[in-house]
Amino acid sequence: MKKHKNIAARFAMRLSGMILTAAVLLTSCVIPSRVRAKTDPTADFIDRTYELLAHTKADDEIFAFWYRNLSSGNISATSMIDMLIGSPQLFIGEDGSLQEGEALLDSLSLLMTEKALDPQQKSQYLDYMAHGVSIRRVLFDLSVTPEYFGICGRYVVKPEGLTELSPRDQEPELTKYVYDMLSGFTYGRPATNEECDEWCRRFMDGQEVAQAIDDVAKTGTIGGRTMSDEEKVSLIYRTMVGQEITAEDEALYQEALENGMSMSYVVKKISETALFQRKCSDLQILAGTVELTEPRDNNYELTSFLTRMYTRFAGQKPTAEDLNAGVKETLEDPGRVREVITQMLSTPESQALLESDEDFLNTVFEVFYGYTPEESRIKAYLIGMSNGITRTRVLSEILKDPAFDEKMAEYGIDTRVEKIVPEKIVALTFDDGPYTPVTMRILDALEPYGAHATFFVVGNRIANYSECLIRATNLGCEIADHTWNHTTLTRISGDAVSRQIWDCADAVYNLTGVCPRVMRPVGGSYNSTVSANVGMPMIIWSVDTNDWKYRDSNHVINEILNNVRDGDIILMHDLYETTADAVEYVVPALIEAGYTLVTVSELAEYKGIDMENGKAYFSMRG
Ligand code: ZN
């Protein structure tokens, strides 16, 4: 009895539903001595089955079990073969063993159709079985042949077929596809039967193939290995399409990756090919598509431009993060593309690759404009850079060239139309400096907000306080002209006016490499002689803080906050600590009130005002 319990227990553990019934039958039956009449087709069927599949005979106990259940019709012939194949150790015992692989296939065909399999059919079955499909699929196919029905009739056993096939045995072509996908692509080792079942089920239930591939491709390692992009592309293609990629397609996808597109983009492109679509249609599964979530994948032209540009400057591709940020920002506000580029190129890598400032400048012109600029222009930038003007600042100056807009238009980026003009703009201006102790405090107040201001400097002070002007320039502030030695221009000759302006302008240029674009006459005083000789637009003011008179920060704050309007030009002096105190309060207050703080030149540009030399501007209110 011990052996029976053992068999029953193993049954219960391994087999399901219908077969459990058989287990109950087995434990409850009284074992007879071998039941066998001289001509007994059912007994012959059992012997023949055991002989063909295992070259052995069933032991008495097992034989009795089959005999009872086959002859009573509790178990069909197909179920018997199925149970035998599924649990040979239980039904064949220690003496014999079930045949395997090709031999089992041959024997099964002889058993169920009394003939060998067609060679082509056989090699297909072997191929399936090497790719996750079980022998039950063969059993199923053979169990519905007319030959098998004939044999069952002769041996007086029931021929009913298999009621349930696991997912991987239902669609062998799909299983083969899934097996290759899991083994070569997903795990890098042969997929288990459970994994094949799981994924066949998923695809049958409507999981999209492209999405599943993308999920794995996103993980960085594929098939448990780290591979080059080339290896990845050809493996992904082979997995999705089921055949090798052509050199032409490989080059195309490779180029996309080199241009900064993500692997998801490549998966999406492959998912759109007719070959892949057809493959999925043949397998009756959903091809689906890949949802591109990274900004860089949304604009091939822009992404490849940014990538090539960065690579030229830094000697390596930008990171996905940098690209995503750059593309996102540019697409949201094309007017900001200059800042995006400037940020991307101001890296230590670029600094290292283009060691000399001259190399840097030449590369900038070559990449953005395709020409070498006139020597004087290069010289001006070099002057500034030798005095500490940063590459970032120089780059943003160079990119102001209208030719840049044309260049961007080639990439579908309209930098002119889309530039967003802030709703309220104001220009803070500081006269009579520079004076490092105060000027630096003002810059400290501006910098955290990226706010700009204009410093109308007195030329003969520059040599003593140059450091703060370099910093102001690097922060995007404007250095403007306030005469050489603070002379009231209405009292001097036309030639002297010109000298006052250009001596100061030279000093600014020799420090920063940038010539002042605008000037402010001392005391705001000008006449026709001044206008005729000044050679620059004259910037007066619309809000006068009288900071020099009261030396009271509260007075300055109130004057500004009570009077400020969009387009105003506000007058202060970077000579007094009280003015710096006021600025520290006023900058955040203005920003809080919705103002953008810009230089005078930026104010004119935003307002679309083309300033004329010798003309006085009090404000740029709309
Ligand atoms: Zn002044």
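This text goes with the structure placed above it.
Below you will find a few notes about this structure. (Residues numbered from 1 in each chain as written. Predicted model: local features only at pLDDT ≥ 70, side-chain atom pairs only at ≥ 80, totals over all residues. Heavy atoms only, no water.)

## Regarding the overall build of the protein
Counting its secondary structure elements, the protein contains 34 helices and eight strands. Relative to the globule expectation of 25 Å for 622 residues, the C-alpha radius of gyration of the protein, 43 Å, shows a markedly less compact shape. Its C-alpha atoms give the protein principal-axis dimensions of roughly 140 × 50 × 40 Å. For the protein, buried positions account for 52% of its 622 residues. Mean positive and mean negative side-chain charge positions of the protein (59 and 94 charges, respectively) differ by 6 Å. (Helix = DSSP H or I, 4+ residues; strand = E, 2+ residues; numbered from the N terminus. Rg over C-alpha atoms; globule rule 2.2 N^0.38 Å. Buried < 20%, exposed > 50% of the residue type's maximum accessible area, 1.4 Å probe, protein only. Lys, Arg positive; Asp, Glu negative; His and termini not counted. Charge placed at Lys NZ, Arg CZ, Asp CG, Glu CD.)

## Structural notes on the coordination of the zinc ion
Listed as protein donors to the zinc ion are Asp432 (OD), His482 (NE2) and His486 (NE2); their distances from the metal cover 2.1 to 2.2 Å. Each donor residue of the zinc ion belongs to the same chain, with the gaps between them written as D-x49-H-x3-H. One end of the pair, Asp432, is in the loop between strand E1 (424-431) and helix H27 (436-446); the other, His486, is in the loop between strand E3 (478-481) and helix H29 (494-512), with 54 residues separating them in the sequence. A relative accessible area of 15% means that Asp432 is categorised as buried. (Donors = N, O, S within 2.8 Å, 3.2 Å for Na, K, Ca; no water.)

## Description of the packing of aromatic side chains
According to the stated counting rule, one finds 14 aromatic pairs in the structure shown. When the centroid spacing of 5.8 Å and the interplanar angle of 45° are considered together, the rings of Tyr265 and Tyr300 count as tilted. Here the residue Tyr265 occupies a position in helix H17 (residues 263-271), and Tyr300 occupies one in helix H19 (residues 300-314), the gap between them amounting to 35 residues. Of the residues examined, Tyr265 reaches a relative accessible area of 13% and is grouped as buried. Through a chain of ring-to-ring contacts, three or more aromatic side chains come together here, namely Phe305, Phe313, Phe360, Phe368 and Phe404. Lying over the aromatic face of Tyr187, Arg189 brings its terminal NZ or CZ to 4.4 Å of the ring centre. The lysine or arginine in question, Arg202, covers the ring of Trp199, its NZ or CZ lying 4.0 Å from the ring centre. (Phe/Tyr/Trp six-rings, centres within 6.5 Å; stacked < 30°, edge-to-face > 60°. Lys NZ or Arg CZ within 6 Å of the ring centre and 35° of its normal.)

## A word on the pattern of salt bridges
Overall, the coordinates contain 36 salt bridges when judged by the stated rule. Here Asp405 makes a salt bridge to Arg338, at a shortest N to O gap of 3.2 Å. With a gap of 67 residues between them, Asp405 in helix H26 (residues 402-409) and Arg338 in helix H21 (residues 337-345) connect regions that are remote in the sequence. Here Asp405 falls in the buried class, since its relative accessible area comes to 9%. A salt bridge links Arg520 to Asp431; the nearest nitrogen and oxygen atoms lie 2.7 Å apart. (Salt bridge = Lys/Arg side-chain N within 4 Å of Asp/Glu carboxyl O.)

## Comments concerning unusual backbone geometry
Following Gly433, the chain continues to Pro434 via a peptide bond in cis, the omega torsion being 0°. If you trace the backbone, Pro434 turns up in the loop between E1 and H27. Of note, Glu114 is a non-glycine position whose phi angle comes to about 60°, a positive value. Tracing the backbone through its elements, the reader meets Glu114 in the loop between helix H7 (101-113) and helix H8 (119-129). Non-glycine residue Asn546 carries a positive phi angle of around 50°.

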